[in-house]
Amino acid sequence: MQAELLIHADWILPVDTADRTLARHSLCIDRGRIRALLPRAEAEQQIQATQVLELPDHALIPGLINAHTHAAMTLLRGLADDLPLMTWLHEHIWPAEGRWVDTEFVADGTRLAVLEMLRGGITCFNDMYFYPEVTARIAAAAGMRVLAGMIVVDLPTRYAQDADEYLRRGLELHERYRQHPLARTGFAPHSTYAVSEEPLARIRTLSDELEVQVHTHVHETHDEVVQSLRAHGERPLARLDRLGLLGPRLIAVHMTQLEDAEITRVAETGAHVVHCPESNLKLASGFCRVADLLDAGVNVALGTDGAASNNDLNLLAEMRTAALLAKGVAGSAAAVPAETALRMATLNGAKALGIDDETGSLEVGKAADVVAVDLGNPHTQPLYHACSQMVYAASSNQVQQVWIAGQQVIRDGEPLTLEPDRILAAAHRWRARIAESNAGSKGEPNAGSQAEPNAER
Ligand SMILES: [Zn+2]
């Protein structure tokens, strides 16, 4: 067989039907797809490749899928930390967003996020933010997969005046990217507290018609549930269920407040859960019952959330936090073993986004979304179990090579589709503008009066 690329790696973690670790195997890529995965000796006999890559000490994994983020918020990374949630939102994040978020902000912030994510082995992200047309354009230009969120909130912003306009802009974006190989769209109503029932009902109808996912924050905090009970006499998940939104197209993010009956109901309906352990910990939001969800048969994926509440977009680290936190929450060291954490960050993410026929595992016929991690570093040696090393010890700077749909986007740790110097220069410019205006507005009683709702939380 002729092929473009043959990779010989010491370890391959395909994340297919079984939790396998393949030693001394080879992966063959041609015309954007995985054409073969076989023992090295057989590959050498059967495959004539234009390029042959030797990767000793490396493990190949499927491209990581960040199932929930607000990419452009990288520009607000570290602006305000260690504050109670409402103080953080009302006095820092919302005023900054109200003042600064426009197409240029989203372009520069998303480029920084895409650079960080690609270097960390993330090949696809599920985004919720204003100006998703900018997010989709920038991700696609960098060769990265994205599910750009058709964001909806009730309150007016510079991006849109009301739910109708949010939906109209979203649907235009959906039309434009219908056939795109990398960028897709999903509805992204912020939450049941920020979007009223009429637009939620329309989204339910539209998502059925267009067959696209619905991505929303659900049960992030205890307070959210209490407020919903007070205002509507229902918990947020019950409201989504009554509106017909609880089903296999729902991507429910956070879910830190779950009763037993709710876990059963989520499993019955086939809704997906995205767990964001670091954001939940940093904002003291609560703990998701990940082990119970998995035991009930729920598909649980992993997300970083935005960089203002994490503060990085590092899914390797998120896997470790998820595995450790699940053990603490479940009171069992057997909860979320390394293989499960890797599955959550790859195949489960693809399932949640509705793209598991295309990506999420290293299987013949799927797109070649492949990450090579160098485990030869002192802190990942000696190596008994490659998957354990990947989840419990590896750092994102050990990601050396990344391909998406067969296109190499990271080579020897460096990006091939982005210009880091320009991206960092833009980040520095934003930092100067935002920090200067913050210093200037100190003590003014009306600072923050321009606050607009945001896509964070
Ligand atoms: Zn979020």
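Nothing here was measured: the structure is a model prediction, and the numbers come from that model.

(A) Geometry of the side chain of Asp-127. Tracing the chain through its elements places Asp-127 in strand β6 (residues 122–127). Here Asp-127 occupies a buried position and makes no salt bridge, while the nearest side chain of opposite charge, Arg-77, is found at 12 Å. From its side chain, Asp-127 meets the backbone nitrogen of Ala-71 in a polar contact 2.6 Å long. Those residues in contact with Asp-127 that lie beyond four places of it in its chain are Thr-69, His-70, Ala-71, Thr-135, Leu-147, Ala-148, Gly-149 and His-215.

(B) Broad picture of the environment of Ser-388. Residue placement: Ser-388 occurs in helix α15 (residues 386–392). Sequence separation between Ser-388 and Ala-432 is 44 residues, and the spatial gap between their C-alpha atoms is 42 Å. With near-sequence residues (within four places) excluded, Ser-388 lies in contact with Ala-338 and Ala-393.

(C) Structural detail: the coordination of the zinc ion. The coordination sphere of the zinc ion, as far as protein atoms go, consists of His-68 (NE2), His-70 (NE2), His-217 (NE2) and Asp-305 (OD), spread over 2.1 to 2.3 Å. Between the 4 donor atoms coordinating the zinc ion, the angles at the centre fall across 86 to 170 degrees, so the site counts as irregular. Mapped onto the sequence, the residues coordinating the zinc ion show the spacing H-x1-H-x146-H-x87-D. With His-70 in the loop between β5 (64–69) and α2 (85–100) and Asp-305 in the loop between β12 (300–302) and α12 (315–330), this pair connects stretches of sequence that are 235 residues apart. Each of the two residues, His-70 as well as Asp-305, counts as buried.

(D) Summary view of α12. Look at α12: 22 Å from first C-alpha to last across 16 residues, which is about the 22 Å you get at 1.5 Å a residue. For α12, the full list of buried residues reads Leu-315, Leu-316, Glu-318, Met-319, Thr-321, Ala-322, Ala-323, Leu-325, Ala-326 and Lys-327. A distance of 3.2 Å separates the backbone nitrogen of Leu-316 from a side-chain oxygen at the start of α12, and that oxygen is part of Asn-314. Just beyond α12, the residue with positive phi is Gly-331, at close to 65 degrees.

About the thresholds
- Here the residue numbers are simple positions, counted from 1 along each chain's written sequence.
- Local features in this predicted model are restricted to residues whose pLDDT is 70 or higher, and side-chain atom pairs enter the listing and the counts only when it is 80 or higher, whereas totals over whole chains, interfaces and linings include all residues.
- Heavy atoms from the whole structure form the basis of all side-chain values; hydrogens and water molecules are not counted.
- Strands are runs of DSSP state E lasting at least two residues, helices are runs of H or I lasting at least four, and both sets are numbered from the N terminus onward.
- Three exposure classes are used, based on accessible area relative to the maximum for each residue type with a 1.4 Å probe and protein chains only: buried under 20%, partly exposed in between, and exposed over 50%.
- His residues and chain termini do not enter the charge count, which takes Lys and Arg as positive and Asp and Glu as negative.
- Each salt bridge in this description consists of a side-chain nitrogen of Lys or Arg and a carboxyl oxygen of Asp or Glu lying within 4 Å of one another.
- A 3.5 Å cut-off defines polar contacts: any pair of N or O atoms within that distance qualifies, except that in protein one atom must be a possible hydrogen donor and the other a possible acceptor, and neighbouring residues in sequence count only when both atoms are side-chain atoms.
- Here a residue-residue contact requires only that any non-hydrogen atoms of the pair lie within 4.5 Å.
- Think of the donor list as every N, O and S atom within 2.8 Å of the metal, or within 3.2 Å for Na, K and Ca; water never makes the list, so a site can look incomplete.
- For four-coordinate sites, all angles between 85 and 135 degrees define a tetrahedron; for four- and six-coordinate sites, opposite donors beyond 155 degrees with the remaining angles between 65 and 115 define square planar and octahedral shapes respectively, and all other cases count as irregular.
- A helix is expected to reach a length of 1.5 Å times the quantity of its residues less one.

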